[in-house]
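Observations on chain architecture
Here are the chains, one letter per residue:
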Amino acid sequence: LNQELVKKYDLSSKQFHVHLRFGNPKVVIVQDFQPEYHNDLIVVGSTGKNFLERLVMGSVASFVVREASCDVLLARSEK
């Protein structure tokens, strides 16, 4: 998959990185990944959960927006 994307978008191997982590995505993004790579920006997608769903399950996007020590861009899908 990596090589397909590199060829499709004409990227060099230095421009393309895939990171696979296991665990709670809230913790992994904010406490592990961001400090390790010193990101200036985190881009996170919004699933469009309603208030009750967010209340019961929590929202990764909301947590990242509140807790990240860098800028966060929240991408919303068209519905």
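Scoring rules and cut-offs
- Residues numbered from 1 in each chain as written.
- Predicted model: local features only at pLDDT ≥ 70, side-chain atom pairs only at ≥ 80, totals over all residues.
- Heavy atoms only, no water.
- Helix = DSSP H or I, 4+ residues; strand = E, 2+ residues; numbered from the N terminus.
- Buried < 20%, exposed > 50% of the residue type's maximum accessible area, 1.4 Å probe, protein only.
- Contact = heavy atoms within 4.5 Å.
- Areas by Shrake-Rupley, 256 points an atom, 1.4 Å probe, with all protein chains shown as cover.
- Salt bridge = Lys/Arg side-chain N within 4 Å of Asp/Glu carboxyl O.
- Polar contact = N/O pair within 3.5 Å; in protein donor to acceptor, adjacent residues only side chain to side chain.
- Axes fitted to C-alpha atoms, helices over the stretch in contact; angles between N-to-C directions.
- Parallel < 35°, antiparallel > 145°, perpendicular 65-115°, else oblique.
- Left-handed = near helix turned anticlockwise from the far one by under 90°.
- Nonpolar A, V, L, I, M, F, W, Y, C, P; charged D, E, K, R; others polar.
- Core = buried A, V, L, I, M, F, W, Y, C linked by side-chain atoms within 4.5 Å.

**Digging into the overall build of the protein**
- When its secondary structure is counted, the protein shows four helices and two strands.
- Sequence-ordered secondary structure for the protein, helices as α and strands as β, is α-α-β-α-α-β.
- Counting the 79 residues in the protein, one finds 18% classified as buried.
- By sequence separation, contacts in the protein at least 24 residues apart represent 61% of the contacts at least 6 residues apart.
- With the model as given, the accessible surface of the protein reaches about 6,600 Å², and the carbon-plus-sulfur share is 54%.

**What about the pattern of salt bridges?**
- Under the defined criterion, the tally for this structure stands at one salt bridge.
- Across the pair Arg21 and Glu36 runs a salt bridge whose closest N-O atoms are separated by 3.1 Å. Separated by 15 residues along the polypeptide, Arg21 in the loop between helix H1 (2-8) and helix H2 (25-37) and Glu36 in helix H2 bring together distant segments of the chain.

**Examining H2**
- Of all the positions in H2, only Lys26, Val28, Val30 and Gln34 are classed as buried.
- For H2, the N-terminal capping position is held by Asn24, with its side-chain oxygen 2.9 Å away from the main-chain nitrogen of Lys26.
- Once H2 ends, the next one or two residues include His38, with phi positive near 50°.

**Thoughts on the packing of H2 against helix H4 (residues 60-67)**
- The interhelical angle for the contact between H2 and H4, taken along N-to-C directions, is 20°, at an axis separation of 9 Å. One way to sum up the angle between H2 and H4 is to call them roughly parallel. Handedness of the H2/H4 crossing: right-handed. Where H2 approaches H4, its residues Pro25, Lys26, Ile29 and Val30 are matched on the opposing element by Val60, Phe63, Val64 and Glu67.
- The class makeup of the residues in the contact of H2 with H4 is six nonpolar, no polar and two charged.

**Thoughts on the nonpolar core**
- Membership of the largest hydrophobic core is limited to six residues, which are Val30, Ile42, Phe63, Val64, Ala68 and Cys70.
- Not counting residues within four places of it along the chain, the set of residues in contact with Phe63 comprises Lys26 and Val30.

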